[in-house]
Amino acid sequence: MPPMKTGALPRSYALDWRSFWFSHYFAFGLRRSTGVLLCGWLGWLVLPLEAVVTITFGAMCASFADTPGTWRNKAQDMLVSVLLCSAVSLSVGVSGAIEAGRWLQPLVILAVVFSSGLLLVFGRRTLGLQFTMLLSMTLTLEHHLDMGQALSHAALFVAGSAAYALYSLATAWLHRHRLQEQVLAEALYELAQELRIKAGFYREGNDAEAQFGRLLRQQMVMTERLQTARDLILSQPSSGRQAQAVRLHLRLIDFYEAMLATHTDTPRLADRMGQLPAPARLALPLVYRHLENQLLFLGQELARHHPLQSLWRRLGWTHDAQPEPFPQDAWDTLEQVLGPVPPEGSVDDRLLWHMHWLRVQQMVRRLRPLAQQVQRQASPAPGASSPADATLANAQAFVRHEPWQPALLLSQFHAGSPWLRYAVRLTAATGTAMALAALLPESGHGAWMILTVLVILKPSFSVTHERRRHRLRGTLIGCLLAALTLHLIHSPPVLMVLVFLGATVALSFVQIRYQVTAAAASFQVLILLHLMGGAGSDTAIWARVFDTLAGAAIATVFARLLPSWEYQSLPLQARRLRSASLSLVSHAQALLLDEGTEDGAFRLARKQVLDGIAALNGSLQRMSTEPEHAGVPVSDLQNMAKLSYLMLSHVAALRLSLVRRQRTHFSGPEAELVRATLARISAWLGGASLPAEAPQPPTLAATGSHVLARRLAEWQEDAWQLAQIRP
């Protein structure tokens, strides 16, 4: 491999090949495919080929339940996956082996499919477990077994899944700290992307509303990345190297708060860019670009903290791009134009620019401790003690909890349950695929047609629509690649290597580019069928294409059976966001006025608002692909998400103003003004009657704190607009 040349920093964590090799997506894909191969190899040492294939399939099914998470959650998930693999394989195999199997096995298959649909009620962790069930069922359905063979098949299937589970738990324990560093690196990359979008507000000619839409979509991604980091880091005891990860997470959140604070003025500044001198208009995007590059560099350093890094450097396989130097000229220009305090008593555009300049300074200052902590994480000192601030009060409240509660499952048996409706929809589509396959000539259509239906049909109509498109494109690409490969390559060892590479690619991209996963999986399956002496390559390829087209058509039709449209959940999400905003104001008032609220409680309230904005934006984004008759006017809800984001920005700006003045809370006339303003905002959000027009901005002539008065006036105006939106 030729040495890489130094160049620009990769701007994507998962979709740039220079950073993809160091991501947890590739690490998990390689680890899972290696585990499946290892289980098959151990079986090959003592068993015949047919048994080895069954063991390998059992390991492959269990691997789909192997997702990033804490060791404790992984232990639970892998145990459940082994139990599900054994139960599904045994029930499907035995039901087909007995005399009544002709009618009993289809009923068992439908029962398995229905159960897998209801399983999703337990949360995101069950997505992999659902596919484990369905793939186990499909692979068992491929074989026509008598009773002895069915029992033997189930035993080998369980052996493969259990062996993989042990392998997964061992590797998860060895790589637990490495995974935390990788997810934090991804969060840094996404934070850099959000800064890049914010810099776009200061480019003349950009549409501010469209830019805000891009910002909110990126905030949705950023919220998910931060939650993934919390789930991995805060759910474990904070000591030693774990404490360093906690501290890095907190420093990242602190920088994110500083970035939020800069947005209080962004919509207004975007309309006033032309009033700045030309050097300042050019300098401000340069400063944001520098911050973006610094975050990309920190993400790169953290992601590449790997035991083999020194070896790769010696071989010249690393990409050692460095961040651009600090734009000192641009910084001096901005300080000269925006730095001086405006004349006493003026509340004009110059004051607005000066306030923004102060927050940009805070953001730059908070970059230093973040960079220092990344350096400590990437190069931990032997015997270093845990930092004193590496704790977070009530840390478990920040972690997603998805308990296995039977009562939650039983509560879904009513007509309005979206999970019950999805289970019925999935079962009906599977039954139709089975009936169609029974009418076709015997050529192995049933299993793959059913699997296509199960892979495409999802609880959400929009996700089903997207998955269908990716599945069709990916399958066609995979079939073409398989046909070309089998035409050019005839060596079984080489083909086995390609199967392993295909499995690695399929498992690496399943969360980031499903089209790539579909292509790699189709390629892998067709090569395996060829190696196992199945149908001729041309026949297998055309059967695969037909099964995919037929399954996609069935899934498309049944996506409209008992649908759960996104608009049905919007009122509830809007009420939750409003309630979270009210809670944020209450905790912010207590924190800003030193009325007894802990920092952890405030952080939790802020997180709930970010989660609410992301959930509302996600529903609006998915609703855009649903049929028009299912849509609703979304302008008010879009405005609600925007104003809620501005509420967060106002809180962050006030907190940073205290930090800049080296104070912990407001006092005197400032405190009275803050208390009166926030009490008014709380009343509006709580449902009190609103004034017909926007209230007059508060004044603070007694203290001369015009910056505080201006900030509270803007917060009050945004809260008044938010309170007018009734979910």
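Counting restarts for each chain: residues are numbered from 1 in the order of the written sequence. Since the coordinates come from a predicted model, pLDDT governs what is reported: local features require at least 70, and pairs of side-chain atoms require 80 or more to be given and counted, while whole-chain, interface and lining totals use all residues. The basis for the side-chain values is all heavy atoms of the structure; hydrogens and waters are excluded.

## Remarks on the nonpolar core
Thinking step 1. Residues L295, L370, F666 and W715 are the most contacted members of the largest nonpolar core, which totals 114 residues.
Thinking step 2. Helix and strand definitions here come from DSSP, where helices need a minimum of 4 consecutive H or I residues and strands a minimum of 2 consecutive E residues; each element is numbered from the N-terminal end. Looking at which element gives the most residues to this core, the answer is helix 25 (residues 635-660), with 14 residues.
Thinking step 3. Counting 36 residues, the second largest nonpolar core, distinct from the first, contains L84, V112, L120 and L141. Buried residues of nine kinds, namely Ala, Val, Leu, Ile, Met, Phe, Trp, Tyr and Cys, make up a nonpolar core once their side-chain atoms join them within 4.5 Å. Three labels apply to residues, based on accessible area from a 1.4 Å probe with only protein chains included: buried if under 20% of the type maximum, exposed if over 50%, partly exposed otherwise in between.

## Quick word on the pattern of salt bridges
Thinking step 1. One side-chain nitrogen of Lys or Arg within 4 Å of one carboxyl oxygen of Asp or Glu is enough to make a salt bridge. This model, assessed by the stated rule, comprises 23 salt bridges.
Thinking step 2. Where D77 meets R125, a salt bridge forms, and the shortest distance between an N and an O atom there is 2.7 Å. Placement of D77 in helix 4 (residues 71-97) and of R125 in the loop between helix 5 (101-119) and helix 6 (126-141) is noted, with a sequence separation of 48 residues between them. The same class applies to D77 as to R125, namely buried.
Thinking step 3. Residue K607 is joined to D611 by a salt bridge in which the shortest nitrogen-to-oxygen separation is 2.6 Å. Of this pair, K607 and D611 both sit in helix 24 (residues 599-623), separated by 4 residues, roughly a single helical turn.
Thinking step 4. Classification of K607 as buried rests on a relative accessible area of 10%.
Thinking step 5. According to the relative accessible area criterion, D611 is partly exposed, its value standing at 25%.
Thinking step 6. It is possible to trace a salt-bridge network through shared partners that takes in R251, D254, E257, R366, D599, R603, R606 and R655.

## A look at the confidence of the model for the protein
Thinking step 1. Residue-level confidence of the predictor is what pLDDT reports, using numbers from 0 through 100. Of the residues in the protein, 85% reach a pLDDT of 70 or more, and the chain-wide mean stands at 82.
Thinking step 2. Only heavy atoms matter for contacts: two residues are in contact if any of them lie within 4.5 Å across the pair. Low pLDDT, under 50, characterises residues 1-7; the stretch is placed with 14 contacts to residues that sit more than four places away or in other chains.
Thinking step 3. Residue range residues 342-347 is modelled with pLDDT below 50. Its contacts to residues more than four positions away, or to other chains, number 9 contacts.

## What about the packing of helix 3 (residues 49-63) against helix 7 (residues 147-174)?
Thinking step 1. To obtain an axis, a line is fitted to C-alpha atoms, over the contacting stretch when the element is a helix, and the angle between two such axes runs from 0 to 180 degrees between their N-to-C directions. The contact between helix 3 and helix 7 brings their axes to 7 Å, and the two run at 50°. On the basis of their axis angle, the class for helix 3 and helix 7 is oblique. Where helix 3 crosses over helix 7, the handedness of that crossing is right-handed. The residues of helix 7 that touch helix 3, namely those facing A51, T54, I55, F57, G58, A59, C61, A62 and S63, are H153, L156, F157, G160, S161 and Y164.
Thinking step 2. All residues other than Ala, Val, Leu, Ile, Met, Phe, Trp, Tyr, Cys, Pro, Asp, Glu, Lys and Arg, Gly among them, are scored as polar; the first ten of these are nonpolar and the last four charged. Across the contact of helix 3 with helix 7, the residue classes tally to 9 nonpolar, 6 polar and no charged. Our angle categories are set so that under 35 degrees counts as roughly parallel, over 145 as roughly antiparallel, 65 to 115 as roughly perpendicular, and the remainder as oblique. For any pair of crossing helices, the crossing counts as left-handed if the nearer helix is rotated counterclockwise from the farther one by less than a right angle, and right-handed if it is rotated clockwise.

## Quick notes on the packing of aromatic side chains
Thinking step 1. Stacked, edge-to-face and tilted are the three classes for Phe, Tyr and Trp ring pairs, Trp counted by its six-membered ring, which pair at centre distances within 6.5 Å; planes under 30 degrees apart are stacked, over 60 edge-to-face, the rest tilted. Enumeration according to the criterion identifies 13 aromatic pairs in this entry.
Thinking step 2. Ring geometry for Y13 against Y189: centres 5.8 Å apart, planes inclined by 55°, an arrangement best described as tilted. One end of the pair, Y13, is in the segment before helix 1 (17-20); the other, Y189, is in helix 8 (residues 176-199), with 176 residues separating them in the sequence.
Thinking step 3. For Y13, a relative accessible area of 2% corresponds to the buried category.
Thinking step 4. Since its relative accessible area comes to 2%, Y189 is described here as buried.
Thinking step 5. Linked through ring pairs, F20, W21, F26 and F509 together constitute an aromatic cluster.
Thinking step 6. The residue whose ring lies beneath R31 is F28, and the NZ or CZ to ring-centre distance is 5.0 Å. When the NZ atom of lysine or the CZ atom of arginine is within 6 Å of a ring's centre and also within 35 degrees of its normal, the charge is said to sit over that ring.

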